[in-house]
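Each chain is listed here by its residues.
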Amino acid sequence: MLTPQEVKDFAISLGADRCGISGTGRFSEAPAGFRPTDIWSKAKSVVVFLKSMPKEAIHAENVAVYSHTAYMLYTTLDKIGLELCIRLQHKGHGAIPVPTDVPYLFWEPEKQKGMGILSLRHAARNAGLGFLGRNNLLIDDEFGSMLYIGAVLTDALLEEDPLSTVTECLKGCSLCLDSCPSGALDGITVRQDLCRPLSCQVHPRGWDLYTCNECRKVCPFNN
């Protein structure tokens, strides 16, 4: 019988920094169409894994460094997800990878609002890997908010991890809200129509650049 620890150990062996498991029931509050069973009706468990970004990448004066590091992390997490699906298949279970970044289908151009097929931030929280901060990012006690997230859905019914006992930011802290140059954060969500024009810009040659990360820079969990 496949055990949760086997799955986690394999994710770590592939390069993940942490791995957790959630049942699909913890996604009941997700919007219709964005729950694990909406993506794949056979899903019974969500395996979530994290990879940390080198902290100094956000402090480089040249934005190409942060952008390049983020894209490498997306690729690394997608590869971990693919290999994890293959391993689960070898163990007799179906599994599918969730795109770490793109593609996704939902897009509201007037609001500049995009939504991945599964909220990976909420998936990580549901798998006991941290909490959602006022900066709208996943935060844990080891890596702060310097985390990128991947996930796979599987038809294996795996025991889920307990939720994090830390559930909120430091009392009275509003550094991310106060430092956001576009005023896109309200402590609960992010207005993408305000965030995207400043934080994601297209270079004349055609590639995307991440040009703002103030909400990560000032987070006290990263220091």
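Described in the following lines is the structure provided in the data block. (Residues numbered from 1 in each chain as written. Predicted model: local features only at pLDDT ≥ 70, side-chain atom pairs only at ≥ 80, totals over all residues. Heavy atoms only, no water.)

1. So, the nonpolar core
Here comes step 1: Residues V47, F49, M53, L84 and Y148 are the most contacted members of the largest nonpolar core, which totals 28 residues.
Here comes step 2: Those elements giving two or more residues to this core turn out to be helix 1 (4-13), strand 1 (18-23), strand 2 (45-52), helix 3 (63-90) and strand 8 (147-154).
Here comes step 3: Ranked by the residues each element gives to this core, the list is headed by helix 3, at nine residues.
Here comes step 4: M53 has contacts with I58, Y66, T69, A70, L73, M146 and Y148, leaving out every residue within four places of it along the chain.
Here comes step 5: Judged by nonpolar contacts, the second largest core, of 19 residues, contains W40, A43, L138 and A151. (Core = buried A, V, L, I, M, F, W, Y, C linked by side-chain atoms within 4.5 Å. Buried < 20%, exposed > 50% of the residue type's maximum accessible area, 1.4 Å probe, protein only. Helix = DSSP H or I, 4+ residues; strand = E, 2+ residues; numbered from the N terminus. Contact = heavy atoms within 4.5 Å.)

2. Some remarks on helix 1
Here comes step 1: For helix 1, the complete set of buried residues consists of V7, K8, F10 and A11. An end-on view of helix 1 places all buried positions within 160° of arc, on one side of the element.
Here comes step 2: On the buried face of helix 1, the contacting elements are strand 1, strand 2 and helix 3.
Here comes step 3: Within two residues after helix 1, G15 carries a phi angle of roughly 120°, on the positive side. (Arc of directions from axis to C-beta.)

3. Quick look at the sheet that holds strand 1
Here comes step 1: Strand order in the open sheet formed by four strands is 1-2-8-3, and the pairing between neighbours is antiparallel. In this open sheet, the two edge strands, each paired with only one partner strand, are strand 1 and strand 3 (95-98). The sheet shows a mean angle of 25° between the axes of neighbouring strands, taken without regard to direction.
Here comes step 2: Sheet strands in contact with helix 3 are strand 2, strand 3 and strand 8, and its direction is about 20° off that of strand 8. (Pairing = 2+ DSSP bridges. Axes fitted to C-alpha atoms, helices over the stretch in contact; angles between N-to-C directions.)

4. Thoughts on the environment of A11
Here comes step 1: In this fold, A11 is placed in helix 1.
Here comes step 2: The class of A11 is buried, set by a relative accessible area of 0%.
Here comes step 3: Placed 87 residues apart in sequence, A11 and V98 show a C-alpha to C-alpha distance of 15 Å.

5. Focus on the pairing of strand 1
Here comes step 1: Where burial is concerned, most of strand 1 is hidden: five out of the six residues are buried.
Here comes step 2: The pairing of strand 1 with strand 2 spans six bridges and is classified as antiparallel. Within the sheet, the bridge partner assigned to C19 lies in strand 2 and is F49.

6. Focus: the packing of aromatic side chains
Here comes step 1: Inspection of the entire model under this criterion finds six aromatic pairs.
Here comes step 2: Measuring from centroid to centroid gives 6.0 Å for F34 and F106, while their planes differ by 80°, and the two rings are edge-to-face. Taken as a pair, F34 in the loop between strand 1 and helix 2 (36-39) and F106 in strand 4 (residues 106-108) lie far apart in primary sequence, 72 residues in all.
Here comes step 3: Residue class for F106 comes out partly exposed when judged on its relative accessible area of 27%.
Here comes step 4: Among the aromatic residues, those joined into a ring-pair cluster are Y66, Y71, Y74, Y148 and Y210.
Here comes step 5: Over the ring of F10 we find R87, and its NZ or CZ is 3.8 Å from the ring centre. (Phe/Tyr/Trp six-rings, centres within 6.5 Å; stacked < 30°, edge-to-face > 60°. Lys NZ or Arg CZ within 6 Å of the ring centre and 35° of its normal.)

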